[in-house]
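Understanding the architecture of this molecule
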Amino acid sequence: MDKNFQEEFTQIIKFNPPLYKQRHQFVKDLVEKYKPKKVADLGCADCSLLRMLKFCRCIEVLAGLDICADVMKEKMHTLSPLPVDYLQPSERSLTVTLHHGSVAHKDPCMLGFDLVTCIELIEHLEEPELKKFPEVVFGFMAPSIVVISTPNSEFNPLLPGVMLYRHPDHKFEWNQAQFQSWALETARCYDYSVEFTGVGQPPTGMEKAGFCTQIGVFVRKYPQTGESVQSEKHTEAVYKTVFKAVYPSLKDEKYLRNAVISEVIFTAQIIKHRLMSKHEEYGDDPERKSKFQPSMDFSFSDYLGKVVVEKNMEPFISGNEVHIPLATIFSFPKVNRLCGTFEKLCKLIAGKVTLSSDGSAVMFNIEHENEEN
């Protein structure tokens, strides 16, 4: 490499977005492609990748592992549910767990994952740990997909200030041939295929240097057998759990009930408001008011959409009471989606919403509301 040419690029090379964001985006794109439900990040450090992945709607279980508990504990609060998560529970379930331990040790809590990420991890491992690493990840955990990223030493001459390694804790940094040789041998031993790529494009004219971060994507060739899973069930737990968060979910009946009750009341209030507006058009004739039953075509809100209601489902006003049939409320898309069946709707709101004597309609007392107003 020409020295002057090298020095020129050393001064101007800059990644946009930053390299760590490109690595995280690579993992996110992979998640969106393969839709894994259970993802583990080995060497999760400050949990920044886990924070990004918790918003991927396909993921139901997230786990992080790191040898440094202090770093995880400093940032683990960022993985906790927010108030909005309780106000608007997701339709999926999500559990996030952080473990303190070494990737050189086996623990049954790491079994059953679809995707395992090892982003800028292996270069921090001492030689004995690196030798154990393939058996732990590919042999014991045996996920469907493993993503490993590591620095490409051939790119280092282009980086300002890099003398030997990019970080003082790195035990080694491989060139492209060294990484590919290790990855291919690992894939062969554990029945995986592997494809090589990376992030951090080299400058024009320096393509031979390769990506700044080299990446191997390993895909398991054959499904894990029941025997191999069974044989590991007796492995002793060695990791210490330092954090666990279970997000509110509509799969939990407690949160589903609250969501359905809120939606039923909200929908009934809108229908009542529309009904009362029509009712007032009839003036002060009490006889006409008491028997008022409008022809219903609820296209009055983008939220509700257009719902054509059958005659026996029409809301009506009788004296000081407004009756809105549950069948009408159930016909609205969001209520229908939340409950699934009319029977489940009745079960979830039982005792929580004021109903007519026969339980077929939500009921409002106009007189009481007028007194409160």
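That block above? That's the structure.
Calculation notes
Residues numbered from 1 in each chain as written. Predicted model: local features only at pLDDT ≥ 70, side-chain atom pairs only at ≥ 80, totals over all residues. Heavy atoms only, no water. Helix = DSSP H or I, 4+ residues; strand = E, 2+ residues; numbered from the N terminus. Buried < 20%, exposed > 50% of the residue type's maximum accessible area, 1.4 Å probe, protein only. Contact = heavy atoms within 4.5 Å. Areas by Shrake-Rupley, 256 points an atom, 1.4 Å probe, with all protein chains shown as cover. Pairing = 2+ DSSP bridges. Axes fitted to C-alpha atoms, helices over the stretch in contact; angles between N-to-C directions. Patch = residues over 30% accessible without salt bridge, like charges linked within 9 Å, V, L, I, M, F, W, Y side chains within 5 Å. Salt bridge = Lys/Arg side-chain N within 4 Å of Asp/Glu carboxyl O. Core = buried A, V, L, I, M, F, W, Y, C linked by side-chain atoms within 4.5 Å. 1 Å grid on protein atoms, 1.4 Å probe; cavity = no way out; pocket = protein on both sides within 12 Å on 5 of 7 lines; lining within 4 Å. Points joined across faces, edges and corners; volume = space filled by probe spheres on them.

A few words on the overall build of the chain. For the chain, the count of helices and strands is 14 helices and 13 strands. A buried classification covers 44% of the 373 residues belonging to the chain. For the chain, the proportion of contacts with a sequence separation of at least 24, taken over those separated by at least 6, is 73%. When the accessible surface of the chain is split by element, carbon and sulfur atoms take 51% of a total near 20,200 Å².

Read from one edge of the open sheet, three strands run β11-β12-β13, paired in antiparallel fashion. Where the open sheet ends on each side, the last strands, each with one partner, are β11 (316-318) and β13 (361-365). Here the average twist between neighbouring strands, direction ignored, is 25°. The sheet contact formed by β11 and strand β12 (residues 321-325) spans three bridges and is antiparallel. Bridging across to β12, Ser-318 finds its partner in Glu-321.

A cluster of nonpolar side chains, Met-163, Leu-164 and Tyr-165, forms an exposed patch at the surface whose accessible area comes to about 380 Å². The exposure class of Tyr-165 is partly exposed, given its relative accessible area of 31%.

Before going further, it helps to spend a moment on the nonpolar core. Counting residues in hydrophobic clusters, the biggest one holds 40 residues, and the most contacted among them are Val-31, Leu-53, Ile-59, Leu-98, Val-147, Phe-155 and Phe-243. Where this core is concerned, the elements lending two or more residues are α2 (19-34), α3 (48-53), β3 (95-100), β4 (115-119), β5 (145-151), β7 (213-220) and β8 (240-246). Top element by residues in this core is α2. It accounts for five residues. When neighbours within four sequence positions are excluded, Phe-155 is seen to be in contact with Ile-13, Phe-15, Arg-166, Gly-200, Gln-201, Pro-202, Pro-203, Ala-209, Gly-210, Phe-211 and Cys-212.

This brings us to the pairing of β3. As paired elements, strand β2 (residues 61-66) and β3 share six bridges and run parallel to each other. In the strand pairing of β3, Ala-63 is matched with Thr-97.

The strands that make up a sheet pair up through hydrogen bonds in the backbone, lying either parallel or antiparallel. Read from one edge to the other, the open sheet built from eight strands follows the order β6-β7-β5-β4-β1-β2-β3-β8, with strand pairing classed as mixed. Strands at the two margins of the open sheet, each flanked by one partner only, are β6 (192-199) and β8. If you compare each strand with its neighbour and ignore which way they point, the axes differ by 15° on average. Pairing between β5 and β7: seven bridges, direction antiparallel. Bridged to Ile-148 within β7 is Gly-216. On top of the sheet, helix α6 (residues 127-141) reaches β1 (38-42), β4, β5, β6 and β7; it is set at about 160° to β5, its chief contact. Seen against the sheet, helix α7 (residues 176-189) touches β5, β6 and β7 and runs at an angle of roughly 155° to β6.

Further remarks concern the side chain of His-24. Here His-24 lies in helix α2. Using a relative accessible area of 11% as the deciding quantity, one classes His-24 as buried. Once residues lying within four places of it in the same chain are set aside, the contact partners of His-24 are Ser-48, Leu-49 and Met-52.

Computed from the structure, the largest pocket encloses a volume of approximately 800 Å³. Taken together, 32 residues line the largest pocket, and the ones lying closest to its centre are Gly-43, Ala-45, Ile-119, Glu-120 and His-124. Contributions of two or more residues to the lining of the largest pocket are made by α2, α3 and β2. Counting residues per element, the lining of the largest pocket draws most heavily on α2, which supplies four residues.

What follows concerns the pattern of salt bridges. Applying the stated criterion across every chain, the model contains nine salt bridges. The shortest N-O distance in the salt bridge between Glu-91 and Arg-337 comes to 3.4 Å. With Glu-91 in the loop between α5 (83-87) and β3 and Arg-337 in helix α12 (residues 333-339), the pair connects residues that are 246 residues apart, well separated along the chain.

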